[in-house]
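# Summary of the model geometry
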Amino acid sequence: MQSVFPIGLPWPTLMYLFLYIVTLIIHVVFMNYVLAGTWYLVSMSLFERRKPDQTPSLVAGTLREWLPFMLSAAITAGIAPLLFVQILYKRNFYTANLLAFHRWMAILPVLIAAFYLLYIWKAKRVQAWPRYFTFPLGLLTFAGFAFIAWSWTENHLLSINAGAWAEHYAAGNWMYKSREVLPRLAVWFAGSFPTLALVLGWQLWYLQRDVPDHETVGRHRMSMLALAGLVTSAVAAALYAVAIPPEVREAITGYMGWPYVFLAGSGWGVQFASWLQVRRSARLEKIWLATASVGLLMTLTGAAMIREIIRWFRMDEKVLFPLHKQAAEVGGLSIFLLFFVVNAALCVYCVLRVRRGLRRES
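Quantities reported herein were computed from a predicted structural model and do not represent experimental measurements.

The next thing to look at is empty space enclosed by the protein. A complete count under the given rule lists one cavity of 30 Å³ or more for this structure. If you trace the largest cavity, you find it lined by Ala-100, Arg-103, Trp-104, Ser-151, Glu-154, Asn-155, Leu-158, His-168, Trp-174, Met-175 and Tyr-176. Mapped onto the lining of the largest cavity, the elements with two or more residues apiece are α4 (101-122) and α6 (131-159). It is α6 that provides the largest number of residues to the lining of the largest cavity, a total of four residues.

Dropping the structure here:
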């Protein structure tokens, strides 16, 4: 392809790709909150000094309260990109699932167990337990999410390496070994912390918005969390760039991907500058959270497009185009859009009702 990805692709492919990217970014925000939030709580349960009355800090308490909901949102928001990826990369997606069948099927019970562990972890009675009970509980919860992230990474890399399918099947392997697994997983894990810091930063800002002339609790910690995540994710991205084949790397930095490298890098810079300002301020200022939000959206969009370029470069597009055309002709788009609008309106209505109720209570 001698043009910017995905210019020049047929409209059915463009439509499904657009829907996939948009829904994937929404899913990633919730997913990052859960992954990084669980790890943060595990670390804090080991090192943070407890209050005499055993009540958690504002940061830890907010996280514990919201993690089960965020996991529910991540699962719900994950359905749409899961459907669109099956339309876009049908043969590769299904083949990888079958080859990694046991690992793939293990995700569901692990996810259910981790989901209920979050509720146990949230219980006030459990929070009062000694650290040698709460730390293993938290570590087990995080291990569940780490297993899911690891399995998704292996599944994705196996799906885009058709040359390894026969050998993988013949050997009966449960694991797919590739030099790309660890750096790719590191990019996702490190990149989840700036997202957590931003969403949690907005939550802390809202909870303390009426506190006058007071240093916002969690400001310094959110900024350090975000800055550390940005630096380590950049290092991990550089290692991942070294691990991928040279021709794929040239496609990313060449015609196909240079705008998205620029977009992701610019977003990284906007986030870094915004969090530096937060660190210097006495409060979590709305303006810097807003600019960090813009930067995060730029980075996630650029990273999602680069991710698809890496996958698309290894696909046979001549096989994919007729499948996308066939899927677009099946029908149902108008019904899908109708229910999308109806459900979006219901979500907005629920948020407005809750907001109105909170204002009355205050």
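After presenting the structure, the write-up continues.
There is a patch of nonpolar side chains on the surface, built from Leu-58, Tyr-206, Leu-207, Val-217, Val-354 and Leu-358 and spanning about 480 Å² of accessible area. Relative to the assigned elements, Leu-358 resides in helix α14 (residues 333-361).

Further remarks concern the nonpolar core. Ranked by size, the top nonpolar core spans 87 residues in total, and within it Phe-5, Phe-145 and Trp-275 carry the most contacts. Looking at this core, the element that brings in the most residues is helix α1 (residues 11-47), giving 17 residues. The contacts of Trp-275, once residues within four sequence positions are left out, are Ala-197, Leu-198, Met-222, Ser-223, Ala-226, Leu-227, Leu-230, Leu-289 and Ala-292.

On to the packing of aromatic side chains, then. Per the stated rule, a full pass over the model turns up 21 aromatic pairs. Where Phe-5 meets Trp-312, the ring centres are 5.9 Å apart and the plane angle is 55°; that geometry is what we call tilted. Remark: Trp-312 occurs in helix α12 (residues 286-312) and Phe-5 occurs in the segment before α1; sequence separation between them is 307 residues. Note on accessibility: Phe-5 and Trp-312 belong to one class, buried. Geometrically, the ring pair formed by Trp-39 and Phe-189 is edge-to-face, given 6.4 Å between the ring centres and 75° between the ring planes.

Take the layout of surface pockets next. Reported here for the second largest pocket is a volume of approximately 1200 Å³. Along the wall of the second largest pocket there are 39 residues; nearest its centre are His-27, Met-31, Ile-107, Ile-148 and Trp-152. At the level of secondary structure, the elements contributing two or more residues to the lining of the second largest pocket comprise α1, α2 (58-88), α4, α6, α8 (181-207) and α12. A per-element tally of the lining of the second largest pocket places α6 first, with eleven residues. A breakdown of the residues in the lining of the second largest pocket according to their chemical character gives 30 nonpolar, six polar and three charged.

Taken as a whole, this structure holds six salt bridges when the rule is applied. Measuring nitrogen to oxygen at the nearest pair gives 2.9 Å for the salt bridge that ties Glu-154 to Arg-103. On the criterion of sequence distance, the pair formed by Glu-154 in helix α6 and Arg-103 in helix α4 is long-range, its members being 51 residues apart. Residue classification places Glu-154 among the buried residues on the basis of a relative accessible area of 5%. A salt bridge links Arg-307 to Glu-308, with the nearest nitrogen and oxygen atoms 3.0 Å apart. As far as burial versus exposure is concerned, Arg-307 and Glu-308 are alike and both buried. Where salt bridges share partners, they join Arg-307, Glu-308 and Arg-311 into one cluster.

Glancing now at the state of the cysteines. A full pass over the atoms with the stated rule returns zero disulfides. Looking at the unpaired Cys-347, the closest cysteine sulfur is the one in Cys-350, lying at 6.6 Å.

Once that is clear, we can look at the packing of helix α11 (residues 258-280) against α12. Contact pair α11 / α12: the axes reach a minimum separation of 7 Å and the direction vectors enclose 155°. The orientation of α11 with respect to α12, classified from their angle, is roughly antiparallel. As for how α11 packs across α12, the hand of that crossing is left-handed. Looking at the contact of α11 with α12 residue by residue, the classes come out as 17 nonpolar, ten polar and no charged.

For Ala-96, the position within the fold is in helix α3 (residues 90-99). Accessibility expressed as a relative area gives 0% for Ala-96, which makes it buried. Sequence spacing of Ala-96 and Glu-247 is 151 residues, and the spatial spacing of their C-alpha atoms is 23 Å. Here Ala-96 is in contact with Asn-155, Leu-158 and Ser-159, once residues within four sequence places are set aside.

Another aspect to go through is helix α13 (residues 317-329). With 13 residues, α13 should reach 18 Å at 1.5 Å per residue; the first-to-last C-alpha distance of 18 Å fits that figure. Positive backbone phi, at 100°, marks Gly-331, one or two positions downstream of α13.

As a packed pair, α2 and α3 sit with axes 5 Å apart at the nearest point and diverge in direction by 110°. Accordingly, the angle class assigned to the pair α2 and α3 is roughly perpendicular. When α2 is examined against α3, the residues Leu-82, Val-85, Gln-86, Ile-87 and Leu-88 are found in contact with a partner set consisting of Lys-90, Phe-93 and Tyr-94. Counted by class, the contact of α2 with α3 contains six nonpolar, one polar and one charged residues.

Judged by side-chain charge, Arg-209, Lys-286, Arg-355 and Arg-359 come together as a positively charged surface patch. Judged by its relative accessible area of 49%, Lys-286 is partly exposed.

Another aspect to go through is the environment of Val-187. For Val-187, the location among the structural elements is in helix α8. Looking at Val-187, the relative accessible area reads 25%, which means it is partly exposed. The spatial distance from the C-alpha of Val-187 to the C-alpha of Thr-232 is 8.1 Å, given a sequence separation of 45 residues. Filtering out sequence-adjacent residues up to four positions away, Val-187 remains in contact with Ser-233, Ala-236, Ala-237 and Tyr-240.

Each value, and the rule that gives it
- Residues numbered from 1 in each chain as written.
- Predicted model: local features only at pLDDT ≥ 70, side-chain atom pairs only at ≥ 80, totals over all residues.
- Heavy atoms only, no water.
- 1 Å grid on protein atoms, 1.4 Å probe; cavity = no way out; pocket = protein on both sides within 12 Å on 5 of 7 lines; lining within 4 Å.
- Points joined across faces, edges and corners; volume = space filled by probe spheres on them.
- Helix = DSSP H or I, 4+ residues; strand = E, 2+ residues; numbered from the N terminus.
- Patch = residues over 30% accessible without salt bridge, like charges linked within 9 Å, V, L, I, M, F, W, Y side chains within 5 Å.
- Areas by Shrake-Rupley, 256 points an atom, 1.4 Å probe, with all protein chains shown as cover.
- Salt bridge = Lys/Arg side-chain N within 4 Å of Asp/Glu carboxyl O.
- Core = buried A, V, L, I, M, F, W, Y, C linked by side-chain atoms within 4.5 Å.
- Buried < 20%, exposed > 50% of the residue type's maximum accessible area, 1.4 Å probe, protein only.
- Contact = heavy atoms within 4.5 Å.
- Phe/Tyr/Trp six-rings, centres within 6.5 Å; stacked < 30°, edge-to-face > 60°.
- Nonpolar A, V, L, I, M, F, W, Y, C, P; charged D, E, K, R; others polar.
- Disulfide = S-S within 2.5 Å.
- Axes fitted to C-alpha atoms, helices over the stretch in contact; angles between N-to-C directions.
- Parallel < 35°, antiparallel > 145°, perpendicular 65-115°, else oblique.
- Left-handed = near helix turned anticlockwise from the far one by under 90°.
- Expected span 1.5 Å × (residues − 1).
- Lys, Arg positive; Asp, Glu negative; His and termini not counted.
- Charge placed at Lys NZ, Arg CZ, Asp CG, Glu CD.

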